[in-house]
Amino acid sequence: MEPGREVKGLHVITWGCQMNVYDSARMTDVLRPLGYQSVETPDAADMVILNTCHIRDRAAEKVFSELGRLRLVKDARAAEGQRTILAVAGCVAQAEGAEILARAPYVDIVLGPQTYHRLPEMVARAARAAGAVIDTDFPAEQKFDFLPDAQAPQTPGGLTAFLTIQEGCDKFCSFCVVPYTRGAESSRPVDSVLREARRLVDSGAREITLLGQNVNAYHGEGPDGRVWGLPHLAEALAAIPGLARIRYTTSHPRDMEEALIAAHRDLPALMPFLHLPVQSGSDRILAAMNRGHTAAEYRDIVLRLRDARPDIALSSDFIVGHPGESDADFDATMQLIRDVGFAQAFSFKYSPRPGTPAAGAPMQVPEDVKDARLQALQALLRTQQDAFNAATVGRVVPVLFTGHGRKPGQLSGRSPYLQPVHVDGPDALIGQIAQVEIRERYTNSLSGTLIQERAFA
Ligand code: SAH
Ligand code: SF4
Ligand code: F3S
């Protein structure tokens, strides 16, 4: 903080994907020099930021209902002579900025995901002006060139961190708002990524998850003047001393190149757990979705990944009830799930998003059909997840310990597959990776025993 500044409270509410979690941390970083420090509740805050998500259902309604609640807090503080700056950020702000200001005139700032490096200027304007400030540009400059370096990992305990390396999307899947809310695809330069990664590791991170809407389409400018892809970047990151685990999300099957598959074979730090959304197992629906690949191509990628890294496990996203999806199409999705076998997955009913091609398409699927399909799909995925967790029992897995468990003397950590694992062990293991023999599994976690006390870094 600059000397002489008074301390002000900042409360950030974050919805949506991991990139929003990262963005919220970066907005906090950018406001710190103005004197803003995080506070737990909005009633202690001189500024509240609601960082929103527009991906599915009733996103805007959820925002307006939260804003209604925040207005009460703002009014109560005003009655005591305190000003609260209320900002709406993120993907709903980008898509519906004007609507937000019309329906919630007590909002002071509306900003999109690509302009938060300008927040200090917006705050200054909001503090001065009577009217609201709106900035939902897609500026020519990259925000990362103007942001201070990330201060520390975003997670409690600080052992695992997110790092955005790529943002935006040019793929225009029929159902998706992201190309409209995050803008065109762009990659951060390699130097900027490596500098931030080193800084995160210096402040304690042992694991970094690289983020991007199409993270495996990464093509950043390298220090050698060439364009680096994700495999090259991952190799440079893996060489950072102290960085034990690297993950990346979300990948698109179309960008799953051979070199990246090979990186899973060659880089032990690259965790053998890949989120690779397929959305549907029907070629007709994949084409209607504009995904740019077939179900057979997806199966082939999985085979090549398993060939390169036999212990790799997959996670995915599925949409049921995309316009035009027949029973046969849905069956093809179920068949793909049976054939591939997923360790974990997210699944959603198709939700029409304003302005996207699928929203206006004929042959919308009735809600009750979507419900039934989602139930069947989730039941199958749950069986697979259970089987995957059950198969871990009796095995020895490396666990990165990130904190204490609920019981005294208990530590908690994560397996390479992000399964929560509990063991009895010494505090000194927090921040270390140790081998654990898994003894039991519960609904959402595993427990085991340390097979070696000696941690290896
Ligand atoms: N870039 C990623 C997905 C980002 S959105 C990819 O291409 O795979 C995260 C997930 O939300 C998507 O994978 C999809 O399963 C789901 N999703 C996106 N739009 C949706 C919509 N309109 N209705 C239902 N689910 C949707
Ligand atoms: Fe959305 Fe498709 Fe882009 Fe993923 S690839 S962000 S689903 S448009
Ligand atoms: Fe939501 Fe925007 Fe992320 S729509 S999922 S916050 S990219």
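Everything discussed here concerns the structure shown above.
Residues numbered from 1 in each chain as written. Chains lettered and ligands numbered in written order. Predicted model: local features only at pLDDT ≥ 70, side-chain atom pairs only at ≥ 80, totals over all residues. Heavy atoms only, no water.

1. Concerning the pairing of strand β15 (residues 313-320)
Stage number 1. Here β15 lies mainly inside the structure; 8 of its 8 residues are buried.
Stage number 2. Of the two faces of β15, the one carrying Ala313, Ser315, Asp317 and Ile319 and the one carrying Leu314, Ser316, Phe318 and Val320 are both buried.
Stage number 3. Summarising the sheet, strand β14 (residues 273-275) and β15 pair through 3 bridges and their orientation is parallel. Paired with phenylalanine 273 across the bridge in β15 is alanine 313.
Stage number 4. As for the winding sense of the linkage, the β-α-β connection from β15 through helix α11 (residues 327-340) to strand β16 (residues 344-349) is right-handed. (Buried < 20%, exposed > 50% of the residue type's maximum accessible area, 1.4 Å probe, protein only. Helix = DSSP H or I, 4+ residues; strand = E, 2+ residues; numbered from the N terminus. Pairing = 2+ DSSP bridges. Right-handed = clockwise from strand over helix to strand, strands pointing away.)

2. Some words on the pairing of β16
Stage number 1. In terms of strand pairing, β15 meets β16 through 6 bridges, oriented parallel. Residue serine 315 lies in a different strand from β16, and its bridge partner there is glutamine 344.

3. Details of the layout of surface pockets
Stage number 1. Approximately 390 Å³ is the volume found for the second largest pocket.
Stage number 2. Around the second largest pocket, the lining comprises 17 residues; the ones closest to its centre are Ser24, Ala25, Thr28, Ser38 and Gln154.
Stage number 3. Mapped by element, the contributors of at least two residues to the lining of the second largest pocket are β1 (8-14) and α1 (18-31).
Stage number 4. Split into classes, the residues belonging to the lining of the second largest pocket amount to 7 nonpolar, 7 polar and 3 charged. (1 Å grid on protein atoms, 1.4 Å probe; cavity = no way out; pocket = protein on both sides within 12 Å on 5 of 7 lines; lining within 4 Å. Points joined across faces, edges and corners; volume = space filled by probe spheres on them. Nonpolar A, V, L, I, M, F, W, Y, C, P; charged D, E, K, R; others polar.)

4. A word on the site of ligand 1
Stage number 1. Around ligand 1 there are 16 residues in total, and Arg56, Gln213, Gln279, Asp317 and Ser351 lie nearest to it.
Stage number 2. Separating an oxygen atom of ligand 1 from a side-chain N or O atom of arginine 56 is a distance of 2.8 Å.
Stage number 3. In the model, an oxygen atom of ligand 1 is placed 2.7 Å from a nitrogen or oxygen of the glutamine 279 side chain.
Stage number 4. Of all elements in the fold, only β15 and β16 reach the threshold of two or more residues within the shell around ligand 1.
Stage number 5. Taken together, the residues that form the shell around ligand 1 break down as 6 nonpolar, 5 polar and 5 charged.
Stage number 6. The residue makeup of the shell around ligand 1 includes at least three contributed by each of domain 2 (153-271) and domain 3 (273-392). (Near = heavy atom within 4 Å. Polar contact = N/O pair within 3.5 Å; in protein donor to acceptor, adjacent residues only side chain to side chain. Domains from an automatic or database assignment.)

5. Describing the environment of arginine 118
Stage number 1. Tracing the backbone through its elements, the reader meets arginine 118 in the loop between β5 (109-111) and α4 (119-128).
Stage number 2. For arginine 118 and lysine 143, which are 25 residues apart along the polypeptide, the C-alpha to C-alpha distance reads 8.3 Å.
Stage number 3. If we ignore the near neighbours within four places in the chain, the residues touching arginine 118 are Asp135, Asp137, Pro139 and Glu141.
Stage number 4. At 2.9 Å, the side chain of arginine 118 and the side chain of aspartate 135 are in polar contact. (Contact = heavy atoms within 4.5 Å.)

6. Focus: the sheet that holds strand β10 (residues 207-211)
Stage number 1. Strand order across the open sheet formed by 3 strands is β7-β10-β13, with parallel pairing between neighbours. If you trace the sheet from one side to the other, it starts and ends with β7 (160-164) and β13 (245-249), each paired once. Going across the sheet, the axis of each strand differs from the next one's by a mean of 25 degrees, ignoring polarity.
Stage number 2. Bridge count for β7 against β10 is 5 bridges, and the pairing is parallel. Paired with leucine 163 across the strands is leucine 210, a residue of β10. (Axes fitted to C-alpha atoms, helices over the stretch in contact; angles between N-to-C directions.)

7. Comments concerning helix α12 (residues 367-392)
Stage number 1. The end-to-end C-alpha separation of α12 is 37 Å, in line with the 38 Å expected for 26 residues at 1.5 Å each.
Stage number 2. Those residues of α12 that fall on the buried side of the exposure criterion are Lys370, Arg373, Leu374, Leu377, Leu380, Leu381, Gln384, Asn389 and Thr392.
Stage number 3. Lining the buried residues of α12 we find β15, α11, β16, β17 (396-404), β20 (433-441) and β21 (446-450).
Stage number 4. One or two positions beyond α12, positive phi appears at glycine 394, with a value near 95 degrees. (Expected span 1.5 Å × (residues − 1).)

Keep in mind these values describe shape, not function.
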